[in-house]
Amino acid sequence: MGDILREMVKQNNLLAERVKPYIQKGELVPDQLVIEIIKLRLDSLNCKDGFILDGFPRTVAQAEALDKYLGKERPIQKVINFVTPEELIISRLTGRRVCRNCGVNYHIKNMPPREEGICDRCRGELYAREDDREETIIKRLQVYNEETRPLIKYYNEKEILMNFPGDLPLEEAQEKLLGLLK
């Protein structure tokens, strides 16, 4: 969802202008606006045979709207909750770097580029996203605890929630996650 919203902001249209202030402050985009955007995305042809959502839903109201929209024909089958210590989340996000040209992600400690500040793939400039500043991340974690954490109960009651350790080494996490999705 974050990628969809960031791409939308680049389009510089009326919908983008409604989204931009929330992203810049590290706040959640209001439910009705996010639901409108996700419906557009789920209606695209490449979602016809299935999809994986990341960063949506973030509130119980969004989850309920999604369930209603998908109906009984395309119900959500699994929800994976990454359980990760907040200190690790802050460390990972403040160390993230993104290529301005091709969008590839790096991490200054865990996945550094061969040459500092330069993308291995296209030689583009790497930068830290505005929403990866520590103060913004702390605000995002507060918002998560207040508005998103209730989703754990919501999906647990539906018996589709799977908790997953978010502090595993990358290769181990990838292997286990792919196993869950099969």
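Our subject is the structure that appears above.
This write-up is about the structure you can find in this document. The model shown is predicted, which means the values in this text are computed figures rather than measured ones.

### A word on the pattern of salt bridges
Part 1: Overall, the coordinates contain 14 salt bridges when judged by the stated rule.
Part 2: Salt-bridge contacts for aspartate 132 lead to arginine 140; the nearest nitrogen and oxygen are separated by 3.8 Å.
Part 3: Given a relative accessible area of 4%, aspartate 132 falls into the buried group.
Part 4: For arginine 140, a relative accessible area of 28% puts it in the partly exposed group.
Part 5: For arginine 133, the salt bridge goes to glutamate 135, with nearest N and O atoms at 3.7 Å.
Part 6: On the basis of relative accessible area, arginine 133 is assigned to the partly exposed category, the value being 38%.
Part 7: Classification of glutamate 135 as exposed rests on a relative accessible area of 52%.
Part 8: One salt-bridge network, held together by shared partners, links Arg96, Arg129, Asp131, Asp132 and Arg140.

### Quick word on the sheet that holds strand β2 (residues 96–99)
Part 1: Taken together, three strands build an open sheet; the order of strands is β3-β2-β4 and the sheet is antiparallel. Bordering the open sheet on either side are β3 (105–107) and β4 (126–127), each of which pairs with just one other strand.
Part 2: Where β2 and β3 come together, three bridges link them in antiparallel fashion. Looking across to β3, one finds that arginine 97 is bridged to tyrosine 106.

### Quick notes on the environment of threonine 84
Part 1: Its place among the elements puts threonine 84 in the loop between β1 (79–83) and α5 (86–94).
Part 2: Each C-alpha atom, one on threonine 84 and one on glutamine 11, is 33 Å from the other, the two residues being 73 residues apart in sequence.
Part 3: Setting aside chain neighbours within four positions, we find threonine 84 in contact with Ile89, Arg92, Gly166 and Asp167.

### Regarding the environment of leucine 14
Part 1: Assignment of secondary structure puts leucine 14 in helix α2 (residues 14–25).
Part 2: When the C-alpha positions of leucine 14 and phenylalanine 51 are compared, they lie 27 Å apart, and in sequence the two are 37 residues distant.

Rules behind the numbers
- Residues numbered from 1 in each chain as written.
- Predicted model: local features only at pLDDT ≥ 70, side-chain atom pairs only at ≥ 80, totals over all residues.
- Heavy atoms only, no water.
- Salt bridge = Lys/Arg side-chain N within 4 Å of Asp/Glu carboxyl O.
- Buried < 20%, exposed > 50% of the residue type's maximum accessible area, 1.4 Å probe, protein only.
- Pairing = 2+ DSSP bridges.
- Helix = DSSP H or I, 4+ residues; strand = E, 2+ residues; numbered from the N terminus.
- Contact = heavy atoms within 4.5 Å.

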